[in-house]
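# Architecture and fold: a report
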Amino acid sequence: MKFFLDTANIDEIKKAVSWGVIDGVTTNPTLMAKEGKDVKETIQRIAEIVKGPVSVEGIGQTKEDMVIEAQEMNKWAENLVIKIPTTWEGMEAIKVLSKEGIKTNATLIFSPLQCVLAAKAGANYVSPFIGRLNDVGQDGTETLIEDTVTIFRKHGVQTEIIAASIRTPLDVLRVLKAGSHIVTIPFAVLEKMISHPLTEKGIGQFLADWNSRFSL
Ligand code: G3P
């Protein structure tokens, strides 16, 4: 069970790494644009802070452009994974890159069959986006994670599932219960996961009881 942080924000990554619960990072063009800084420098900085896999995504739409981008980005750091959109052009690119030993993460996935095809093409990771399905009234966990976990387990598929497009701590709980290998979590969602009012209440009561007896 692994947690990745879904952000390109260096401060968020540093904070989450200090909590000791982060195994990797995922980024995408939107998250990079949000930071507005040099992509290569940002990715290299992230790859220094996080020892686990760091996903970076290009914008190429053809097999040739995807492969060229991936080959260049893969030189930026040792622990990079290249995100490739789940299209037939993307499958061709994944097949080429997997033969070159470049790790890939098939992204923008919304069906179990897209997961299956990406795994067959040689993707190291698949990223089903459950939140965007939830956003349109479908149950992303039920329709996407549960079926993909079942198929991968039954057929001994080694590709790892990264449950992505996470909106709430409940999304995290549900995809973990469904058996996702990895969840990539926005910082704001991760931050909420530790909180419980009874924990806060209990700490207050312990302090009050202690002070009533031992009055620091
Ligand atoms: O980075 C991949 C995925 O987690 C993005 O999800 O729907 O919040 O843009 P979303």
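Because the structure is predicted, anything quoted here is derived from the model rather than measured.

What counts and what doesn't
Residues numbered from 1 in each chain as written. Predicted model: local features only at pLDDT ≥ 70, side-chain atom pairs only at ≥ 80, totals over all residues. Heavy atoms only, no water. Salt bridge = Lys/Arg side-chain N within 4 Å of Asp/Glu carboxyl O. Helix = DSSP H or I, 4+ residues; strand = E, 2+ residues; numbered from the N terminus. Buried < 20%, exposed > 50% of the residue type's maximum accessible area, 1.4 Å probe, protein only. Polar contact = N/O pair within 3.5 Å; in protein donor to acceptor, adjacent residues only side chain to side chain. Near = heavy atom within 4 Å. Areas by Shrake-Rupley, 256 points an atom, 1.4 Å probe, with all protein chains shown as cover.

## Here we look at the pattern of salt bridges
- Overall, the coordinates contain five salt bridges when judged by the stated rule.
- As a salt-bridge pair, E160 and K2 come within 2.9 Å of each other at their nearest N and O atoms. In this pair, E160 is assigned in strand 7 (residues 160-163) and K2 in strand 1 (residues 2-6), connecting sequence segments 158 residues apart.

## Structural notes on the side chain of S180
- Tracing the backbone shows S180 in the loop between helix 9 (169-177) and strand 8 (182-185).
- Take S180: its relative accessible area is 6%, and that puts it in the buried class.
- In terms of polar contacts, S180 uses its side chain to reach the backbone carbonyl oxygen of I182, at 2.8 Å.

## Concerning unusual backbone geometry
- Its identity is not glycine, yet L108 carries a phi of approximately 55°, on the positive side.
- Relative to the helices and strands, L108 resides in strand 5 (residues 104-109).
- Judged by its relative accessible area of 34%, L108 falls in the partly exposed class.
- Even without being glycine, S165 reaches a positive phi, approximately 60°.
- Structurally, S165 is set in the loop between strand 7 and helix 9.
- When its relative accessible area of 8% is taken as the criterion, S165 is described as buried.

## Describing the site of the ligand
- As a matter of local geometry, the ligand sits amid D6, N28, K83, F129, R132, A164, S165 and R167.
- In the environment of the ligand, an oxygen atom lies 2.5 Å from a nitrogen or oxygen atom belonging to the side chain of D6.
- Contacts to the ligand include N28, whose side-chain N or O atom sits 2.9 Å from an oxygen atom.
- Protein contact buries 84% of the 310 Å² of open area that the ligand shows by itself.

By themselves, these figures tell us nothing about what the structure is for.
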